[in-house]
Amino acid sequence: MTKSEHIFQEACQVMPGGVNSPVRAYRAVGLTPRFIDHAKGAYIYDIDGNSYIDYVGSWGPMILGHAREEVVEAVCEAARRGTSYGAPTCAEVEIAEMINEAVSCSEMVRLVNSGTEAVMSAIRAARGYTGRDYIVKFEGCYHGHSDGLLVKGGSGLLTENVPDSAGVPAAFVEKTLVAKYNDADSVSGLFDAYPGKIAAVIVEPVAANMGIVPPKPGFLEALRSLTKDHGALLIFDEVITGFRLGWGGASQWFGVTPDMVTLGKIIGGGMPMAAYCGRKEIMSMVSPSGPVYQAGTLSGNPAAVAAGLATLKILRKHQDEIYPAVDHAAKALEQAYTAAIEKYHIPASVNRTGSLLSIFFTNRPVESYDDAVSADLNMFKRYFAGMLSQGIYLAPSQFEAVFVGYAHGPQEIEKTKAAIDTVLGSLAPDRDKEA
Ligand SMILES: *Cc1c(COP(=O)(O)O)cnc(C)c1O
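Residues numbered from 1 in each chain as written. Predicted model: local features only at pLDDT ≥ 70, side-chain atom pairs only at ≥ 80, totals over all residues. Heavy atoms only, no water.

Peer 1: Describe in detail the overall build of the chain, supporting the description with residues and values.
Peer 2: Counting its regular elements, the chain contains 15 helices and 14 strands. The principal-axis extent of the C-alpha atoms belonging to the chain is close to 65 × 55 × 45 Å. Within the chain, contacts between residues separated by at least 24 positions form 71% of all contacts whose residues are at least 6 apart in sequence. Accessible surface for the chain amounts to roughly 18,300 Å². Of this, 52% is attributable to carbon and sulfur atoms. For the chain, the distance from the average site of its 37 positive side-chain charges to the average site of its 48 negative ones is 1 Å. (Helix = DSSP H or I, 4+ residues; strand = E, 2+ residues; numbered from the N terminus. Contact = heavy atoms within 4.5 Å. Areas by Shrake-Rupley, 256 points an atom, 1.4 Å probe, with all protein chains shown as cover. Lys, Arg positive; Asp, Glu negative; His and termini not counted. Charge placed at Lys NZ, Arg CZ, Asp CG, Glu CD.)

Peer 1: If you had to explain the site of the ligand to someone new, which residues and values would you point to?
Peer 2: As a structural note, the neighbourhood of the ligand is formed by Ser114, Gly115, Thr116, Tyr142, His143, Gly144, Glu204, Asn209, Asp237, Val239, Ile240 and Lys265. At 2.7 Å from an oxygen atom of the ligand is found a side-chain nitrogen or oxygen belonging to Lys265. For the ligand, whose free accessible area comes to 380 Å², the fraction covered by protein is 83%. Looking at side-chain class alone, the shell around the ligand contains three nonpolar, six polar and three charged residues. (Near = heavy atom within 4 Å. Polar contact = N/O pair within 3.5 Å; in protein donor to acceptor, adjacent residues only side chain to side chain. Nonpolar A, V, L, I, M, F, W, Y, C, P; charged D, E, K, R; others polar.)

Peer 1: Tell me about the pairing of strand S2 (residues 43-46), and name the residues and values.
Peer 2: Only one face of S2 is covered, namely the face carrying Ile44 and Asp46; the face carrying Tyr43 and Tyr45 is uncovered. Two strands pair when backbone bridges link them, and strand S1 (residues 36-40) and S2 are joined in this way by four bridges, in the antiparallel orientation. The residue bridging Ile36 from the neighbouring strand is Asp46, located in S2. Hairpin connection, S1 to S2: the antiparallel pair is bridged by two residues, and Gly41 has positive phi, about 60°. Here S2 pairs with strand S3 (residues 51-54) via three bridges, running antiparallel. In the strand pairing of S3, Tyr43 is matched with Ile53. With antiparallel pairing between neighbouring strands as the criterion, S2 and S3 make up a hairpin whose turn holds four residues, including Gly49 at a positive phi of roughly 85°. (Buried < 20%, exposed > 50% of the residue type's maximum accessible area, 1.4 Å probe, protein only. Pairing = 2+ DSSP bridges.)

Peer 1: An account of the sheet that holds strand S5 (residues 134-138) is requested, with residue identities and associated values reported.
Peer 2: Read across the open sheet, the seven strands follow the order S4-S10-S9-S8-S7-S5-S6; overall the sheet is mixed. Looking at the sheet topology across the chains shown, the edges are occupied by strand S4 (108-112) and strand S6 (176-179). Within this sheet the neighbouring strands show an average axis-to-axis angle of 20°, counted without direction. The strands touched by helix H3 (residues 90-102) within the sheet are S4, strand S9 (260-263) and strand S10 (274-278), with S4 carrying the most contacts at an inclination of about 125°. (Axes fitted to C-alpha atoms, helices over the stretch in contact; angles between N-to-C directions.)

Peer 1: Give me the lowdown on helix H7 (residues 219-229), citing residues and values where you can.
Peer 2: Those residues of H7 that fall on the buried side of the exposure criterion are Phe219, Leu220, Ala222, Leu223, Arg224, Leu226 and Thr227. Residues of H7 that are buried sit in contact with S5, helix H6 (184-193), strand S7 (198-203), strand S8 (233-237) and helix H8 (249-254). Count one or two residues on from H7 and you reach Gly231, which has phi positive near 65°.

Peer 1: Lay out the pattern of salt bridges with the relevant residues and their values.
Peer 2: Across all of its chains, the model carries 18 salt bridges by this definition. Ionic pairing is found between Arg68 and Glu70, a salt bridge with its closest N-O pair at 3.0 Å. When its relative accessible area of 22% is taken as the criterion, Arg68 is described as partly exposed. One salt-bridge network, held together by shared partners, links Arg224, Asp259, Arg279 and Glu281. (Salt bridge = Lys/Arg side-chain N within 4 Å of Asp/Glu carboxyl O.)

Peer 1: Outline the packing of helix H13 (residues 377-389) against helix H14 (residues 410-426), listing residues and values.
Peer 2: Between H13 and H14, whose axes approach to 9 Å, the crossing angle comes to 140°. Considered as vectors, H13 and H14 are oriented oblique to each other. H13 and H14 meet at a crossing whose hand is right-handed. Counted together, Arg382, Tyr383, Gly386 and Met387 of H13 and Ala419, Ile420, Val423, Leu424 and Ser426 of H14 form the full contact between these two elements. Here the residues of the contact of H13 with H14 are counted per class, giving six nonpolar, two polar and one charged. (Parallel < 35°, antiparallel > 145°, perpendicular 65-115°, else oblique. Left-handed = near helix turned anticlockwise from the far one by under 90°.)

Written out as structure tokens, the structure is:
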């Protein structure tokens, strides 16, 4: 028995499923999670002494790689001054100004502790601002685990096959309307059915929690004009795409300006921090300047803000080098997948936007939630196990992304390309017949 297997048994006695967040438990791939000892750059090391090239990157935050010196230093320096004050600091003003500079619609920012909290609060502000109750979300998009959003929620929920969560009263999701991703007509249908009642449409501008599903040309533009025409707000949930698809995130990448944006993952530099932001007249609704209550004992925590600031400063300063580099590295992986799929006649397709990509084990191009869930999960399982044994650490679910970062250099990319060829080769249908 490995050390990870041993401690996982113990963990299962004291924590539900042995973990503090469901997808970590490796249930979808039928394996035991690796317990991590440490990580550095592109590599993650488990307690059994195995090292892997890490494409999870803590599920998105580690775009600069693990334990980046400037970030670690900033956290240590902040911690030495005290880990929390519950009072304002200069660093919070600095990071808010930086977010305003980067995010097109942002004039004011509120820092919170997780993406879940950011989205939950943004929706409260949108409802307060519009005086309307309904919100529209999309099938397969994940916006954190707050009650009202646990409807067709993607990733962990898809993998675990729980369509809705137990413990959420039906009344709590009554005001949540669900539309189809990449289908603007499904949204206009809802606006027609609920005239004057929809406060906001919230969308992952690149769906990244049902695997990567990029928006079709015109989809985000249609959401922009529909919301505008009907007096509703457009919220981009950029918890994954923010500071990843370039310094200006998805709104810059696609040239569509929403009313509000939620951020997380990268902006905390690996520490628990997130934010919601938007136009001044909307954000002014938030307490204490307005009537929408929202608070947090540890919000704007000095160590978390220090990690976020250090990360954003590096991204800003080297944006012309970092973003093209991660894009280039991800493209090389995309090409390796595509080549192996053709070579070995694998029923699979690849989607990519910038440094985010996914392979789906399905015949059809994946442009919607229905396409994504047509994937063969058993095939994914075999692929995942193969990659792990080749030293490649991927998210243990068909419905997640490969997160490419700046620490993935030519050597790591070459090794990963070779693993892709080997593992997809082992999945070739003709090979099964011979066996
Ligand atoms: C991860 C994620 C969230 C939730 O963030 P947490 O920090 O896990 O609460 C919300 N929205 C999107 C798009 C995410 O990927």
